[in-house]
Amino acid sequence: MTYCLGIITRHGLVMAADSRTNAGVDYVSTYQKLFDFNHANERTILVCTSGNLSVTQGVLTLLRKDIKTQADNSLYTLPTMYEVAQYVGHKLRHIQSQNQEWLEKDGIDYKCNFLLGGQIKGEEPELYLIYSQGNFIQATPETPFLQIGETKYGKPILDRALNFETSLEAAAKCAFLSIDSTMKSNISVGPPINIVAYETDAFIIERRLTLRLGDPYLFKTRRQWETSLKDAFVRMPNIDWQHDYEVSAEELYTDQV
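Now for a quick tour of the structure. Nothing here was measured: the structure is a model prediction, and the numbers come from that model.

Here is what the cut-offs are and how they apply
Residues numbered from 1 in each chain as written. Predicted model: local features only at pLDDT ≥ 70, side-chain atom pairs only at ≥ 80, totals over all residues. Heavy atoms only, no water. Salt bridge = Lys/Arg side-chain N within 4 Å of Asp/Glu carboxyl O. Helix = DSSP H or I, 4+ residues; strand = E, 2+ residues; numbered from the N terminus. Buried < 20%, exposed > 50% of the residue type's maximum accessible area, 1.4 Å probe, protein only. Contact = heavy atoms within 4.5 Å. Phe/Tyr/Trp six-rings, centres within 6.5 Å; stacked < 30°, edge-to-face > 60°. Lys NZ or Arg CZ within 6 Å of the ring centre and 35° of its normal. Lys, Arg positive; Asp, Glu negative; His and termini not counted. Core = buried A, V, L, I, M, F, W, Y, C linked by side-chain atoms within 4.5 Å.

As a further point, take the pattern of salt bridges. Counted according to the given criterion, the structure contains ten salt bridges. Residues Lys155 and Asp159 are paired through a salt bridge, measuring 2.8 Å at the closest nitrogen-oxygen approach. One end of the pair, Lys155, and the other, Asp159, are both in helix H3 (residues 155-161), four residues apart, so they sit about a helical turn from each other. Classification of Lys155 as partly exposed rests on a relative accessible area of 35%. When its relative accessible area of 43% is taken as the criterion, Asp159 is described as partly exposed. Among the charged side chains, a network of salt bridges with common partners joins Glu169, Glu199 and Arg207.

Shown next, in the form of structure tokens:
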């Protein structure tokens with residue numbers, strides 16, 4: 001399993017991924033899951049992968065081949081991110097159709113997902129989740145993050161801390177803590193962690209970080225986050241077992257907002 005996430009805000013994009021993959025508890029390996037296809041200050045495209053490793057690697061091979069052979073349709077030629085998402089979905093379906101029969105025969109799960117984020121000159125940054133079937137959804141200001149892989153443990157902090165106005169630095173910090181929370185609860189997610197922050201209209205990646213096992217920053221930040229959570233927990237008031245009142249719909253809505 002793995003965990004990848006993408007965050008879009010008014011200020012740009014953050015994408016992050018762990019690097020652990022496994023085929024059972026006795027076969028754990030490390031493979032890169034976050035890929036940069038920046039092109040000559042004209043477009044920045046970032047891709048994260050989760051799921052069947054042979055399928056995702058096959059898709060990435062086709063993407064690179066089309067760039068190398070200067071195919072009519074490639075990550076470097078398509079005019080919009082929407083069309084890039086369609087193109088990646090088509091490559092995914094192609095690889096799966098080639099191998100579906102024998103994968104199903106051997107009972108191998110060949111499903112996988114992609115996160116696609118980036119900006120093409122003349123457009124705003126966009127973020128997509130491409131499903132195993134090749135269809136996709138787009139992140140919006142109301143839903144500014146997308147996840148693939150082992151998503152449940154890292155979602156609460158994203159729900160509570162993120163919105164479309166969040167600064168790029170805060171979004172990157174939130175992405176790191178989301179991945180760290182997932183690593184704490186699920187051994188199938190682990191370092192190296194790759195995080196990229198892209199500022200709108202930059203068309204170059206200037207903020208990139210790889211955190212390996214034993215990295216001092218990873219250890220320091222994890223310990224500080226755990227301490228902060230414990231302190232916040234202690235400061236929370238105890239349950240008032242005698243308190244019983246109804247909350248109006250207006251109060252409930254205000255609390256959720």
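Additional details are given in the paragraphs that follow.
Within the secondary structure, Val88 is located in helix H2 (residues 81-105). Sequence spacing of Val88 and Val59 is 29 residues, and the spatial spacing of their C-alpha atoms is 7.8 Å. When residues no more than four places from it in sequence are discounted, the contact partners of Val88 are Leu63, Leu75, Phe114 and Ile130.

Here we take up the packing of aromatic side chains. In this structure the tally under the stated criterion is three aromatic pairs. Ring geometry for Tyr128 against Phe136: centres 5.5 Å apart, planes inclined by 85°, an arrangement best described as edge-to-face. According to the relative accessible area criterion, Tyr128 is buried, its value standing at 2%. Plain terms: the ring middles of Phe176 and Tyr217 are 5.8 Å apart, the flat faces sit at 45° to each other, and that makes the pair tilted. Note that Phe176 is positioned in helix H4 (residues 168-185) and Tyr217 in helix H5 (residues 216-235), a separation of 41 residues in sequence. Judged by relative accessible area, Phe176 falls into the buried class, the value being 3%. The lysine or arginine in question, Lys121, covers the ring of Phe203, its NZ or CZ lying 5.1 Å from the ring centre.

With respect to the helices, strands and loops of the structure, Glu123 is situated in the loop between strand E7 (112-120) and strand E8 (126-130). Buried within the structure, Glu123 lacks any salt-bridge partner; Arg43 is the closest side chain of opposite charge, at an N-O distance of 7.9 Å. If we skip the residues at most four places from it in the chain, Glu123 touches Pro79, Thr80 and Met81.

Phe37, Ile45, Leu75, Val84, Val88, Phe114 and Leu116 are the most contacted members of the largest nonpolar core, which has 25 residues in total. Contributions of two or more residues to this core are made by strand E6 (43-51), helix H1 (53-68), H2, E7 and E8. Counting residues per element, this core draws most heavily on H2, which supplies seven residues. In contact with Leu75, not counting residues within four places along its chain, are Phe37, Arg43, Ile45, Leu63, Ile67, Val84, Tyr87 and Val88. With 24 residues, the next largest nonpolar core counts Ile7, Val14, Ala197 and Leu211 among its residues.

Interpretation note: all reported values are geometric properties and have no functional meaning in isolation.
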